[in-house]
Amino acid sequence: MMAAGAEAPDSWYLALLGFAEHFRTSSPPKIRLCVHCLQAVFQFKPPQRVEARTHLQLGSVLYHHTKNSELARTHLEKAVRARVQVAQFEDVKFEAASLLSELYCQQNLVDSAKPLLRKAIQISQQTPYWHCRLLFQLAQLHTLEKDLVSACDLLGVGAEYARVVGSEYTRALFLLSKGMLLLMERKLQEVHPLLTLCGQIVETWQGNPIQKESLRVFFLVLQVTHYLDAGQVKSVKPCLKQLQQCIQTISTLHDDEILPSNSADLFHWLPKEHMCVLVYLVSVFLSLLDCSPILSSFQVILLEHIIMCRLVTGHKATALQEISQVCQLCQQSPRLFSNHAAQLHTLLGLYCISVNCMDNAEAQFTTALRLTSHQELWTFIVTNLASVYIREGNRHQELYSLLERINPDQNFPVSCFDSVYTLSARPPLSERSAGHCVILLCVCVQESNNMVVPAMQLASKIPDMSVQLWSSALLKDLNKACGNSMDAHEAAQMHQNFSQQLLQDHIAACSLPEHNLISWTEGPPPVQIQAQNGPTTSLASLL
C-alpha cells in the first residue's frame, strides 16, 4: 500500500479527505471517524503544503464540533507556523490565523490574538480577500474591547487598501463600518462627511445588484440613526421609505452564483433574510417611538422648562395645568416619577410662591430636598426655600440654619433656571421698602432713571411680568417723588394694567381643581381631574 501511495500520493490523500468529509456531513455527524481519517494523512508523511492544510482542517473540525480546544489550538498553531512557499497555499496560513485568533479570544487570550492578526495582516497584502477579512476581524476585536479609536483606524486602512486594489464595494463596507463605530462614539461631526462619501460610492458603484442593494440598506440604516442622534426627526421618514423600497427590490432578485472577478469583493454584509428582518425592526421601532419611555422622559423635561417660563411670564393657570400634565405622565410610569419627583415638587413650590402660598411652598421645597441627591437641583431648591423664609419675615432661625447647610465653596450653577431663582427670591414691594427705595432713588434721579427704564424695556421683550410690575412701581414712585406728574401717571397706569393681569391670572389659577396639588407632599402623584378646556401640551406641539 505504501508503494502504491508513493506512486500516486494524491490518490490516498483525496480518498482520506473524501472519507473525512463524508463522516463530517453524515446525519448525525461522525466527528471521531472524521478526525481519524484526517490524522491518517500524517502517516504518509505528506508534503508541507498538504501537512499544513491537514492541520488546518483538523483544527477547524475540533474547534467547531468538539470541546477539545487545546488539541484544536495545537493543530492551528502548527498550520500557522508551517513554512509553505507555494503561493496558492498562503491562504492556509491566513485561515488558520483567523480561526486561531477566535480560539484565543474564547480562551481569554486576547493579547495573543492581536499580534497574530497583525502579523497575518502584514504578510497578506498580496492576497486582497484575506487582507481585508483579517482587517475586519482585528477591527471587530478592538470594538469588543471598546477600543473604538483603534477599530476606526483599521477600518480606515481597509478602506484605503480596497480603493487601491480597485474594490469600491469593499471600500464602502469599510467606510460604513467605520461610520457605525463613529455613531457609537457619537462623533456626529465626523459621521456626516463620511456618510456623504458613502452615499456617493453606493450610488455610483455598478456591480452585483444584491450587493448594491445591501450597501444601500447598510447606508440608510446608518443615515436613520444619524438623523435621530442629531435630532432631525423629520428627515427619518424619507430614509425609511427608501429602506422599504430596497427590501422590495432585494426580494425580487435571485442570488447570483457567479463569483466577482475581484477577490476583494467576496464579502456580504448580511443575508437577504436578515436585512428584511432588520428593516422591519427599524420600521416597528420608529412607529412605536411616540410611545417609548425615552420620549415620555423627553416630554417631561420639556414641560418642566415650559412651566418655569409660564411662571416667569405671569401665566400661572397654564403652568399649573401643565404641572398636572406632568403628574399624569408620572402616574403612567413609576420609573419616570422616581426620576422626576424632586423636580415636580420644586415646580409646585415655585407655583406656590407665585400665588403667595408660602406654607405650601415651604412644604413642597422641603419634600423636594428630601427626594433629590443632585447638587445643582439641591442648590436651586435651597435658594428658593431661603426666599420663602425671607418673605415671611419671622423665620430668621430657619433661614440661618438653612444658610449653614450651603457650602460657600460650592459654585452656584448658571442655567436656564436663573430667571426663576431671581424672581422667586425677589421680595414683594411693601410700603416701607418702597419708601426706602424712593428716598434712595431721589438722591440721584437721573442715574436711577437710567437703570430702571432699560430694565423695563428689557422686561417687556422677555416678557417678565414680575419685573415689569416691579419696574413700573419704581418708576411711578420715582417720578412722583421728583414732581414728574405726567410720567408718574403713565407709570401708575402701566402698574395698574400689570397688576390686573397678574390678579386675574392668580384668581384663575387658584380656582382650578389642580390647585389642590399644592397640598400633595407624600407618595405618588394624586389622580387629578383636568379642568375642561384646559391645555394639553402634546409632544408634537413641543417639537
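Residues numbered from 1 in each chain as written. Predicted model: local features only at pLDDT ≥ 70, side-chain atom pairs only at ≥ 80, totals over all residues. Heavy atoms only, no water.

- Identification of the chain as MAU2 chromatid cohesion factor homolog from Cyprinus carpio is taken from an unreviewed UniProt entry.
- What UniProt records for the chain under Subcellular location (unreviewed entry) is the sentence "Nucleus, Nucleoplasm". (UniProt positions renumbered as here; feature names shortened; annotations may be inferred.)

**A closer look at the pattern of salt bridges**
Alright, step 1. Evaluated as defined, the whole model comprises 15 salt bridges.
Alright, step 2. Asp 505 serves as the salt-bridge partner of Lys 316, at 3.6 Å between the closest nitrogen and oxygen. Note that Lys 316 is positioned in helix α16 (residues 316–331) and Asp 505 in helix α25 (residues 485–511), a separation of 189 residues in sequence. For the residue pair Lys 316 and Asp 505, the accessibility class agrees, reading buried in each case. (Salt bridge = Lys/Arg side-chain N within 4 Å of Asp/Glu carboxyl O. Helix = DSSP H or I, 4+ residues; strand = E, 2+ residues; numbered from the N terminus. Buried < 20%, exposed > 50% of the residue type's maximum accessible area, 1.4 Å probe, protein only.)

**Topic: a nonpolar patch on the surface**
Alright, step 1. A surface patch of nonpolar side chains, about 330 Å² in accessible area, is lined by Val 277, Tyr 280 and Leu 281.
Alright, step 2. With respect to the helices and strands, the residue Leu 281 is situated in helix α14 (residues 272–287). (Patch = residues over 30% accessible without salt bridge, like charges linked within 9 Å, V, L, I, M, F, W, Y side chains within 5 Å. Areas by Shrake-Rupley, 256 points an atom, 1.4 Å probe, with all protein chains shown as cover.)

**Some points on the packing of aromatic side chains**
Alright, step 1. Under the criterion given, the structure shown has 10 aromatic pairs.
Alright, step 2. Ring centres of Trp 12 and Phe 44 lie 4.3 Å apart, and the angle between their planes is 10 degrees; this geometry places the pair in the stacked category. One end of the pair, Trp 12, is in helix α2 (residues 9–24); the other, Phe 44, is in the loop between α3 (31–40) and α4 (48–65), and 32 residues separate them in sequence.
Alright, step 3. Both rings, one in Phe 218 and one in Trp 269, keep their centres 4.3 Å apart while their planes meet at 5 degrees; by these two values the pair is stacked. You can see Phe 218 sitting in helix α12 (residues 209–229) and its partner Trp 269 sitting in the loop between α13 (236–252) and α14, a full 51 residues away along the chain.
Alright, step 4. Ring pairs connect the aromatic residues Tyr 129, Trp 130, Phe 136, Phe 174 and Phe 267, which therefore count as one cluster. (Phe/Tyr/Trp six-rings, centres within 6.5 Å; stacked < 30°, edge-to-face > 60°.)

**Thoughts on the nonpolar core**
Alright, step 1. Residues Leu 134, Phe 174, Leu 176, Leu 215, Val 217, Val 224 and Leu 243 are the most contacted members of the largest nonpolar core, which totals 85 residues.
Alright, step 2. Ignoring any residue separated from it by four or fewer positions in sequence, one finds Leu 176 in contact with Cys 198, Leu 215, Phe 218, Phe 219 and Leu 222.
Alright, step 3. Judged by nonpolar contacts, the second largest core, of 47 residues, contains Ala 319, Leu 350, Ile 353 and Tyr 389. (Core = buried A, V, L, I, M, F, W, Y, C linked by side-chain atoms within 4.5 Å. Contact = heavy atoms within 4.5 Å.)

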